[in-house]
Amino acid sequence: MKKEVVLRNFSKYAESYNAHSTVQKECAKKLLGMVCPEKFRNILEIGCGTGFYTKMLSERYPYARITAIDISPEMINSAKKERVCRNVKFKILDAEKMLLEQKFDLITSNASFQWFENVGLLVKHLGGMLNPGGFFCFSIYGRETFIELEQVLNLYWGIENMLSSSRFVSDEIILKAMKDCFKDVYLESRIFKVRFNSLLDFLREIKFSGCRGEGLKNQRFFGKNMLRDLEKLYQDKFDGITATHHVVFYSAKRDE
């Protein structure tokens, strides 16, 4: 991922993110259910965005010190404005470049790792920041995300891997990095389906959630006629405008 492009998209639409992040909120609930019910004292959240997962962590662990980081100043400002979390310290930081001296009992992230440049290296780095017995738990979007749109664009233009999601890091790379750090690794892959009234509604959802990533590999202007043709292709192939969110959940515990 070209991080500067991803950052620009998320920062631009920070104010609209909450209204267009239904699946991400479902992932946060699922992720919280996977976290060990231990009394963590020091928690690090990577890619906190507007802070809805942060608030869930804060409410579940009211006596923990939570450090919530995000690369986007606009996202951090939105989180501070909307989430009153007394035990949370928000920081504008790039997780791949951060230098935090303290160790953590829990390191977690919801639907953000797919935007990093070297996820395998990041996983290993974070694993080393855990206290003995510490817990690592995160969700990440997989390559089947928006697979319907990817196939429709390929049919129309004959170009493969046009969407950023088709170039997300593979499960094999992440799993290897996890196994290099932890003895036992849990993995669960989930598919969430969302239906839209029109292709335009779906494209707006991608835009206003900031999830465009790098945008299309070969930039195209979606004019009225082109949008009509793409929508017909989409409906004929998938019996409506359905969008897949492919999310993989990982968890592991560091040895005592």
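Residues numbered from 1 in each chain as written. Predicted model: local features only at pLDDT ≥ 70, side-chain atom pairs only at ≥ 80, totals over all residues. Heavy atoms only, no water.

Peer 1: Account for the pattern of salt bridges, with residues named and values stated.
Peer 2: All chains considered together, the criterion is met by 11 salt bridges. Arg 190 serves as the salt-bridge partner of Glu 188, at 3.8 Å between the closest nitrogen and oxygen. Relative accessible area serves as the criterion here: at 18%, Glu 188 is assigned to the buried category. Among the charged side chains, a salt-bridge network with shared partners connects Lys 30, Glu 188 and Arg 190. (Salt bridge = Lys/Arg side-chain N within 4 Å of Asp/Glu carboxyl O. Buried < 20%, exposed > 50% of the residue type's maximum accessible area, 1.4 Å probe, protein only.)

Peer 1: Can you lay out helix 3 (residues 52-60) for me, pointing to particular residues and giving the numbers?
Peer 2: For helix 3, the set of buried residues is Phe 52, Tyr 53, Thr 54, Met 56, Leu 57 and Ser 58. Those residues of helix 3 that are buried are in contact with helix 2 (22-34), strand 1 (42-46), strand 2 (65-70), strand 3 (88-92) and strand 4 (104-110). (Helix = DSSP H or I, 4+ residues; strand = E, 2+ residues; numbered from the N terminus. Contact = heavy atoms within 4.5 Å.)

Peer 1: Can you lay out the sheet that holds strand 5 (residues 130-141) for me, pointing to particular residues and giving the numbers?
Peer 2: Across the sheet, which stays open at both edges, the 7 strands sit in the order 3-2-1-4-5-7-6 with mixed pairing between neighbours. Where the open sheet ends on each side, the last strands, each with one partner, are strand 3 and strand 6 (185-196). Each strand axis lies, on average, 15° off the axis of its neighbour in the sheet, ignoring direction. Of the pairings in the sheet, the one linking strand 5 to strand 7 (residues 241-253) comprises 7 bridges and is antiparallel in character. In the sheet register, Phe 135 faces strand 7, and the bridge partner there is Lys 253. (Pairing = 2+ DSSP bridges. Axes fitted to C-alpha atoms, helices over the stretch in contact; angles between N-to-C directions.)

Peer 1: Please set out the confidence of the model for the protein chain residue by residue, giving values where relevant.
Peer 2: Residues with a pLDDT of 70 or more make up 96% of the protein chain, whose mean pLDDT is 91. In the model of the protein chain, helix 1 (residues 3-12) stands out as the element of lowest mean pLDDT, 79, in contrast to strand 1, which has the highest, 98. (pLDDT = per-residue confidence, 0-100.)

Peer 1: Quick one: what's the story with the packing of aromatic side chains, residue by residue and with numbers?
Peer 2: Inspection of the entire model under this criterion finds 14 aromatic pairs. Their ring planes at 35° and their centres at 6.0 Å tell us that Phe 136 and Phe 182 sit as a pair that is tilted. Of the two residues, Phe 136 sits in strand 5 while Phe 182 sits in the loop between helix 7 (171-181) and strand 6, which places them 46 residues apart along the sequence. Grouping residues by exposure puts Phe 136 and Phe 182 together as buried. Three or more aromatic residues joined by ring pairs make a cluster, and in this case those are Phe 113, Phe 116, Phe 136, Phe 138, Phe 182 and Tyr 250. The side chain of Lys 25 reaches across the aromatic face of Phe 52, ending 5.8 Å from its centre. (Phe/Tyr/Trp six-rings, centres within 6.5 Å; stacked < 30°, edge-to-face > 60°. Lys NZ or Arg CZ within 6 Å of the ring centre and 35° of its normal.)

Peer 1: So what about a positive patch on the surface? Which residues, and what values?
Peer 2: Residues Arg 8, Lys 12, Arg 204, Lys 207 and Arg 212 make up a contiguous surface patch of positive charge. Breaking the positive patch down by element, the ones donating at least two residues are helix 1 and helix 8 (199-208). For Arg 8, the location among the structural elements is in helix 1. (Patch = residues over 30% accessible without salt bridge, like charges linked within 9 Å, V, L, I, M, F, W, Y side chains within 5 Å. Areas by Shrake-Rupley, 256 points an atom, 1.4 Å probe, with all protein chains shown as cover. Lys, Arg positive; Asp, Glu negative; His and termini not counted. Charge placed at Lys NZ, Arg CZ, Asp CG, Glu CD.)

Peer 1: How would you explain the nonpolar core if you had to name every residue and give the values?
Peer 2: Residues Val 35, Phe 40 and Tyr 53 are the most contacted members of the largest nonpolar core, which totals 40 residues. Broken down by secondary-structure element, the contributors of at least two residues to this core are helix 1, helix 2, helix 3, strand 2, helix 4 (73-82), strand 3, strand 5 and strand 7. Broken down by element, the residue count for this core peaks at 6 residues, all from helix 2. (Core = buried A, V, L, I, M, F, W, Y, C linked by side-chain atoms within 4.5 Å.)

Peer 1: Got a sec to walk through the side chain of Glu 150? Specific residues and values, please.
Peer 2: You can see Glu 150 is positioned in helix 6 (residues 147-157). Although Glu 150 lies buried, it forms no salt bridge, and the closest oppositely charged side chain, Arg 167, sits 6.2 Å away as judged by the N-O distance.

Peer 1: Before we move on, could you go through the state of the cysteines and cite the residues and values that matter?
Peer 2: This model, assessed by the stated rule, comprises 0 disulfides. Cys 85 carries a free sulfur, and the closest cysteine sulfur to it, the one in Cys 48, is 9.8 Å from it. (Disulfide = S-S within 2.5 Å.)

Peer 1: Requested: an account of the environment of His 246, with residues and values cited.
Peer 2: Topologically, His 246 is positioned in strand 7. Spatially, the C-alpha atom of His 246 lies 20 Å from that of Phe 52, the residues being 194 residues apart in sequence. Those residues in contact with His 246 that sit more than four places away from it in its chain are Ile 140, Tyr 141, Gly 142, Arg 143, Glu 144, Thr 145, Ser 189, Arg 190 and Ile 191.

Peer 1: Could you give an account of the packing of helix 6 against helix 9 (residues 224-238), naming the residues involved and the relevant values?
Peer 2: Where helix 6 contacts helix 9, the axes come no closer than 10 Å and their chain directions differ by 120°. Of the possible angle classes, the one that applies to helix 6 and helix 9 is oblique. Relative to helix 9, helix 6 is oriented so that their crossing is right-handed. On helix 9, the residues that touch Glu 148, Leu 149, Gln 151, Val 152, Leu 153, Leu 155, Tyr 156 and Trp 157 of helix 6 are Met 226, Asp 229, Leu 230, Leu 233, Tyr 234, Lys 237 and Phe 238. (Parallel < 35°, antiparallel > 145°, perpendicular 65-115°, else oblique. Left-handed = near helix turned anticlockwise from the far one by under 90°.)

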